[in-house]
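Remarks on the overall topology
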Amino acid sequence: MQAPRAVERPLSRSTRFLRERAKQNARATWVAILLVVGACKVGAEDIEYWKGTVKGPGKIVSVMLAGKYPMDLRTQAALALVDMERTDRDGTNDLQQGLTRLEDDERNQIISGMVPGLEGLMKQVDPSASGAASPRQIRAKDAAFVLITHAPPDVKQKLTDDVIAWYMEDFNGRSLAGNYSAEQVVRALGPAAGKELIKGMKARMPAPALVKMVQLIGSVGDAATKKDAGAKLIAIADEMESKDFLAWVKQSVKEQAERQKAKLDAKQLDKAADANKDNFINEGAIPAMKFLADVPTVKKRLLQIASTPAAGDVGTTRRTHALMALEGKVDSSDLPQIMQLALSKDNPTTVRDYAFDRVGDIRSADALPELQKLVGSNEDPRLRWRAGELMLAIGGAGAVSDFFSRLPSNGDYPPEELEGYATRLGQIAPAPTEQIKAQLSGSSWFGKVIALRYFERKGGADDLKRIDGLTGDKTAIKGPRWGKTKTVGDVASEAVADAKQRLADPGAK
């Protein structure tokens, strides 16, 4: 027995109208597609014309995708998407999406065919751009970078070289141009880009550009690339010290002064040239070495710069920048040289300070004997402070008792020094709480103050009772910048108040 048929209801007039309109629209769409893709007379002039029409980009994409057209015409269509000046369409995005719809063989042919055209667009100078990269050049660079992902191996390397070479024309001016910055491009391309960047490293380029370029090489380069970059950077530093480089700087300063209609006499010109040359070294070559300081030859050069006496503020800056560039890159084999820099009274204060920082990086127990001598000396309180914090950082809990025993009993101690010790003690793990408690009942006023400041920051409710017991201590404190704080009891009162507030509100800073 057959199931009864459903009764079909007649369509309403509005429904019939909408369905008929949809059929008409569909027929119109197919007619438009056939006019573009199916026509036999589409040529280069049509593609050129479509670059400026409302529906042109869609038609250009259709030609690129249509297998019936010659590959030359399809390649021209792909280039047209990059070349067209549009604010309503992103031609590079259209190109990228279109290429994903092609079979590998067709896509490879189109990309390979685009390379000469893209190279031409990247090099095409626009006089109205006043020396900067033009929008057309930037679009071509972005497109070349996008195509690297889809390109066959032989073309991939060619496009990589082209994109990096484009940045090398003016790294400082172009590094942020387009949809993809130089940093994004280099990090995406990896070691291959690092090798190409070495070619663009020059002494006669802005210092920030050299630093950024070397930073990128250091972040993506393999060991061989970093070694080559290190050798190039050392050669650049040598060139910056040459007479020819100084002559170039002097001429550049002179030309700039003339453009600004500024008058410089011979002495002023020489002084400005020397200052600019020093900036190339101190703000360019040496900071750039930081990113290659794990290369032995570069580390050796930085240690040499740091250890070589140089006159004036410029010389001190050069030495301190070298020590700054060695951050995290020194080891126990470098300790004797670094300690000598830190301990020598002939070195400027900032040089000694940064040398102590590097001693802290090394964290070798071999440094403790010299640090202990400084901790026990009143000769230079600032160095005593540096040595004391380093002794605690390197020696840890095992050095705490020795540290307190070495502090001079007749020394003047500013509040910052004692607070610095308390802070450093608070960073030791496991916490040396028992050793610090012993100082509360000790004989030295500065030991009590350090312990009070420690428990102010780290103590619990039980410790609060201990420090509260010192509020009546009338032992005088001795040192500069204590203000109204005159006794150990005054420090204890401050510590109790701050500790109570901290315990009452653990989230407060």
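The text that follows walks through the structure, step by step, so that each part is easy to find. Treat the numbers as computed from the prediction; the structure is a model and nothing was measured.

1. Some points on the side chain of aspartate 334
Take aspartate 334: it is sitting in the loop between helix H17 (312–325) and helix H18 (335–343). Assessed through its relative accessible area of 8%, aspartate 334 is described here as buried. Excluding residues within four positions of it along the chain, aspartate 334 makes contact with Lys299, Leu303, Lys329 and Ile362.

2. Topic: the pattern of salt bridges
Scanning the entire structure with this criterion turns up 38 salt bridges. With a shortest N-O distance of 2.7 Å, aspartate 142 and lysine 141 are connected by a salt bridge. The pair formed by aspartate 142 and lysine 141 is uniform in burial state, with each residue classed as buried. Note that lysine 212 and glutamate 183 form a salt bridge whose closest N and O atoms lie 2.9 Å from each other. Taken together, the residues lysine 212 in helix H12 (residues 207–220) and glutamate 183 in helix H10 (residues 182–189) connect sequence positions 29 residues apart. The class of glutamate 183 is partly exposed, set by a relative accessible area of 27%. Taken together, the salt bridges that share partners define one network made up of Glu48, Lys51, Asp83 and Arg136.

3. Concerning the packing of aromatic side chains
Throughout the structure, instances matching the rule amount to 12 aromatic pairs. Measuring from centroid to centroid gives 5.1 Å for tyrosine 454 and phenylalanine 455, while their planes differ by 85°, and the two rings are edge-to-face. Taken together, the ring pairs connect Tyr413, Trp445, Phe446 and Trp482 into an aromatic cluster. It is arginine 174 that lies over the ring of tryptophan 166; its NZ or CZ is 4.4 Å from the centre.

4. Points about the environment of isoleucine 338
Its place among the elements puts isoleucine 338 in helix H18. For isoleucine 338, a relative accessible area of 0% gives the class buried. Distance from isoleucine 338 to glutamine 372, taken between C-alpha atoms, is 16 Å for residues 34 residues apart in sequence. Once residues lying within four places of it in the same chain are set aside, the contact partners of isoleucine 338 are Leu303, Leu323, Val330, Ala355, Arg358, Val359 and Ile362.

Conventions and cut-offs
Residues numbered from 1 in each chain as written. Predicted model: local features only at pLDDT ≥ 70, side-chain atom pairs only at ≥ 80, totals over all residues. Heavy atoms only, no water. Helix = DSSP H or I, 4+ residues; strand = E, 2+ residues; numbered from the N terminus. Buried < 20%, exposed > 50% of the residue type's maximum accessible area, 1.4 Å probe, protein only. Contact = heavy atoms within 4.5 Å. Salt bridge = Lys/Arg side-chain N within 4 Å of Asp/Glu carboxyl O. Phe/Tyr/Trp six-rings, centres within 6.5 Å; stacked < 30°, edge-to-face > 60°. Lys NZ or Arg CZ within 6 Å of the ring centre and 35° of its normal.

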